[in-house]
Amino acid sequence: MNLTAEQWNERYPIGTPVTAYPGINPAYAAEIGATDYPRLETRTRSVAWNLGPEPVVMVEGYAGGIHLEHIDLRVQAEETYDQKCERLRLAGAAELSRRYAERSGWVVCSPEWLAAGGDCRNAPRRSSADPRYSHEHPATEETAR
Ligand SMILES: [Zn+2]
């Protein structure tokens, strides 16, 4: 990250998930064709400060300060629709959960679905996120809404 210590501290609190490169950073690695260099999946354990002219921050699992140009934010993988669906179901948000279920490729087993050609007997099923329906089936070309 090409930021000053002040800019870093405004944006990222202690505990921010980061990837740290204590040796060389990916930009320099690419420049010299290095593929095997140390990287740490970790989180910050200090605010950033200036060590001489260099903005550095400390991370868990490493003793000294690491230059901010050797730090990348570790982006959380986005929830899949299935995970969203399950989380919302557990939170009691059945209608929202059902929408995510549909978007992830499952549709509730409804009269409409059957009328559209859904094969309840042979299609895979799972229990529905929506209490108004007993279960869901994978959407097919014909029945996807
Ligand atoms: Zn069914």
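Residues numbered from 1 in each chain as written. Predicted model: local features only at pLDDT ≥ 70, side-chain atom pairs only at ≥ 80, totals over all residues.

J.: Before we go on, may I ask you to explain the environment of T42 in this structure?
T.: With respect to the helices, strands and loops of the structure, T42 is situated in strand 2 (residues 40-43). Exposure remark for T42: the 19 C-beta atoms within 10 Å place this residue in the partly exposed category. For the pair T42 and I14, spaced 28 residues apart in sequence, the C-alpha to C-alpha distance is 12 Å. Excluding its chain neighbours within four sequence positions, the residues that come into contact with T42 are V18, A20, V59, E60 and G61. (Helix = DSSP H or I, 4+ residues; strand = E, 2+ residues; numbered from the N terminus. Buried ≥ 20, exposed ≤ 12 C-beta atoms within 10 Å, placed from the backbone. Contact = placed C-beta atoms within 7 Å.)

J.: What exactly am I supposed to notice about the pairing of strand 1 (residues 17-20) here?
T.: In the case of a regular strand, side chains alternate between the two sheet surfaces. Only one face of strand 1 is covered, namely the face carrying V18 and A20; the face carrying P17 and T19 is uncovered. Where strand 1 lies against strand 2, 4 bridges are found, and the strand directions are antiparallel. Looking at strand 2, one finds that V18 is bridged to T42. The pairing of strand 1 with strand 6 (residues 71-73) spans 3 bridges and is classified as antiparallel. The residue of strand 6 that forms the bridge with A20 is I71. (Pairing = 2+ DSSP bridges.)

J.: Help me out: how do you make sense of the sheet that holds strand 6 in this one?
T.: What holds strands together in a sheet is hydrogen bonding between their backbones, with the strands either parallel or antiparallel. Taken in spatial order, the 3 strands of this open sheet run 2-1-6, and their pairing is antiparallel. The open sheet has two edge strands with one neighbour each: strand 2 and strand 6. Taken over all neighbouring pairs, the strand axes of this sheet differ in orientation by 35 degrees on average, direction set aside. (Axes fitted to C-alpha atoms, helices over the stretch in contact; angles between N-to-C directions.)

J.: Would you explain the sheet that holds strand 7 (residues 106-108) in this entry?
T.: Strand order in the open sheet formed by 3 strands is 7-9-8, with antiparallel pairing between adjacent strands. What marks the edges here is a single partner per strand, and that holds for strand 7 and strand 8 (126-127). Here strand 8 pairs with strand 9 (residues 135-138) via 2 bridges, running antiparallel. Looking at strand 9, one finds that R126 is bridged to E136.

J.: Hey, could you run me through the domain arrangement of the chain in this one?
T.: Frequently, the measure chosen for interface size is the accessible area that the parts lose on association. By domain assignment, the chain separates into domain 1 (5-73) and domain 2 (81-138). Relative placement of domain 1 and domain 2: their C-alpha centres are 44 Å apart. (Domains from an automatic or database assignment.)

J.: Even after reading the chapter, I still don't get the nonpolar core, so can you show me in this structure?
T.: W8, Y12, V18, A20, Y21, A48, V56, V57, V59, I66, L68 and I71 form the largest nonpolar core, which has 12 residues in total. Secondary structure elements with two or more residues in this core: strand 1 and strand 4 (54-57). Not counting residues up to four positions away in its chain, the partners in contact with V18 are T42, R43, T44, V59, I71, D72, L73 and R74. Ranked by size, the runner-up nonpolar core spans 8 residues in total, among them C85, V107, A129 and A139. (Core = buried A, V, L, I, M, F, W, Y, C linked by C-beta atoms within 7 Å.)

J.: What is the right way to read the environment of R87 from this model?
T.: Position of R87 relative to the elements: it lies in helix 3 (residues 81-90). What makes R87 partly exposed here is the crowd of 14 C-beta atoms within 10 Å. Along the primary structure R87 and S97 are separated by 10 residues, whereas in three dimensions their C-alpha atoms are 7.9 Å apart.

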